[in-house]
Amino acid sequence: MVDRMHPRDSNDPALIRGAPFFEGLPEDAVEKATKQVVIRNHPANQVLLLENDWGSSVYFILGGWVKIRTYNLDGKEVTLNILGLGELFGEMAPLDEVPRSTDVITLVPTTIGNLPAQDFVWLLRNEPEAGIRLAQLMARRLRQVNRRLRLRESDSMSRVADILLFLADGQGKTGEQGIEIPNLPHRELSSLSGLARETVTRVLSKMERKSLIVRDRETLTIPDLDAMERMLV
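Owing to the predicted nature of the structure, the values given are computational and were not obtained by experimental measurement.

*Asks:* Quick question: what am I supposed to make of the overall build of the chain here?
*Replies:* The helix and strand tally for the chain stands at eight helices and 12 strands. Computed over the C-alpha atoms, the radius of gyration of the chain is 18 Å, within 12% of the 17 Å expected from 2.2 N^0.38 for a compact globule of 233 residues. Taking the principal axes of its C-alpha atoms as reference, the chain extends roughly 50 × 45 × 30 Å. The 233 residues of the chain split such that 47% are buried. Pairs at least 24 apart in sequence give 72% of the contacts found in the chain among residues at least 6 apart. In the structure as shown, the chain presents an accessible area of about 12300 Å², 50% of it carried by carbon and sulfur atoms. Looking at charge distribution, the chain has the averaged site of its 30 positive side-chain charges lying 4 Å from that of its 33 negative ones.

*Asks:* How should the packing of aromatic side chains be read in this particular structure?
*Replies:* With the rule as written, the count across this model stands at five aromatic pairs. Each ring, one from Phe21 and one from Phe120, has its centre 5.7 Å from the other, and the planes form 35°; the classification is tilted. Residue Phe21 is located in the segment before α1 (27-34), and its partner Phe120 is located in helix α3 (residues 117-126); the two are separated by 99 residues in the primary sequence. For Phe21, a relative accessible area of 6% gives the class buried. Chaining the aromatic ring pairs together yields one cluster made of Phe21, Phe22, Phe60 and Phe120.

*Asks:* I would appreciate a short explanation of the environment of Leu95 in the present structure.
*Replies:* Relative to the elements of secondary structure, Leu95 occurs in helix α2 (residues 92-96). For the pair Leu95 and Ile222, spaced 127 residues apart in sequence, the C-alpha separation works out to 37 Å. With residues near it in sequence (within four places) discarded, Leu95 still touches Val121, Leu124 and Leu134.

*Asks:* How should helix α5 (residues 156-171) be read in this particular structure?
*Replies:* Since there are 3.6 residues in each turn of an α-helix, residues three or four apart along the chain are aligned in direction. Across its 16 residues, α5 extends 22 Å between first and last C-alpha, which sits within 8% of the 22 Å expected from 1.5 Å per residue. Of all the 16 residues making up α5, 13 are buried; the element is thus mostly covered by neighbouring parts of the structure. Its side-chain oxygen placed 3.1 Å from the backbone nitrogen of Met157, Asp155 serves as the N-cap of α5.

*Asks:* Explanation requested: the packing of α5 against helix α6 (residues 186-193) in the structure shown.
*Replies:* For any two helices packed against each other, the geometry is given by the interaxial angle and the distance between the axes. Across the interface, α5 lies against α6 with an axial gap of 10 Å and an inter-helix angle of 105°. Classed by the angle they form, the pair α5 and α6 counts as roughly perpendicular. When α5 is examined against α6, the residues Arg159, Ile163, Phe166 and Leu167 are found in contact with a partner set consisting of Leu189, Leu192 and Ser193. By residue class, the composition of the contact of α5 with α6 is five nonpolar, one polar and one charged.

*Asks:* Would you explain the pattern of salt bridges in this entry?
*Replies:* Between side chains of opposite charge, a pair can form as their charged atoms come close. The tally for this structure, following the rule as stated, stands at 10 salt bridges. Linking Arg69 and Glu77 is a salt bridge whose minimum nitrogen-to-oxygen distance equals 3.6 Å. Arg69 gets classed as buried once you look at its relative accessible area, which sits at 13%. Accessibility expressed as a relative area gives 27% for Glu77, which makes it partly exposed. Of the charged contacts, one joins Arg140 and Glu87 as a salt bridge, the two residues approaching to 3.4 Å between their closest N and O atoms. With Arg140 in helix α4 (residues 128-150) and Glu87 in the loop between β5 (77-83) and β6 (88-89), this residue pair connects regions lying 53 residues apart in the sequence. The partly exposed category is assigned to Arg140, whose relative accessible area is 21%.

Quick notes on the rules
- Residues numbered from 1 in each chain as written.
- Predicted model: local features only at pLDDT ≥ 70, side-chain atom pairs only at ≥ 80, totals over all residues.
- Heavy atoms only, no water.
- Helix = DSSP H or I, 4+ residues; strand = E, 2+ residues; numbered from the N terminus.
- Rg over C-alpha atoms; globule rule 2.2 N^0.38 Å.
- Buried < 20%, exposed > 50% of the residue type's maximum accessible area, 1.4 Å probe, protein only.
- Contact = heavy atoms within 4.5 Å.
- Areas by Shrake-Rupley, 256 points an atom, 1.4 Å probe, with all protein chains shown as cover.
- Lys, Arg positive; Asp, Glu negative; His and termini not counted.
- Charge placed at Lys NZ, Arg CZ, Asp CG, Glu CD.
- Phe/Tyr/Trp six-rings, centres within 6.5 Å; stacked < 30°, edge-to-face > 60°.
- Expected span 1.5 Å × (residues − 1).
- Polar contact = N/O pair within 3.5 Å; in protein donor to acceptor, adjacent residues only side chain to side chain.
- Axes fitted to C-alpha atoms, helices over the stretch in contact; angles between N-to-C directions.
- Parallel < 35°, antiparallel > 145°, perpendicular 65-115°, else oblique.
- Nonpolar A, V, L, I, M, F, W, Y, C, P; charged D, E, K, R; others polar.
- Salt bridge = Lys/Arg side-chain N within 4 Å of Asp/Glu carboxyl O.

Structure representation (structure tokens):
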């Protein structure tokens, strides 16, 4: 039996139909839209998309994690988002027919379903609910960015707490001890928060001493989301 969390190389469209984006949509429409999907496994640290590439596919994450990256005017890398299982990316370029605006890189071994752009656009045009879901996705991401921008002048504890809550909102899974998110390298949290890596390391250690987080090699657990929210000032 194929593990739906970490599927092996396959072009079976059924693997992508379990993505949250398609849940509840008419089966015949989803089947038609996904019949040309190509599913590939990618190693960690592989570039999937480059800024200014032209978009011919929309991508669904069937296992693993990716980061969305750009660069500021000084040439410094800026991580805009971290996406995981069930998320999609690359949806903007096919809609407005412009080149990609960011890079996308795998953080861990990752399985991606490549859906031809024309099939994705067909689904949006023929199933209003699909268009509503895409609008809701874009609105959620915009709210997350706005919140992060508002906290740019806050103290380091607030900014790291906000990034952890941001990841919990997008990628959090309920575990035995609380909400689990990937235990990302500190350089990624640094890029997301705009803080120095050493500052992020110091704040995380302080949070761990206060039992606000529990860390192991793969995951970072937030036992109490309300307590983490109270760290925002």
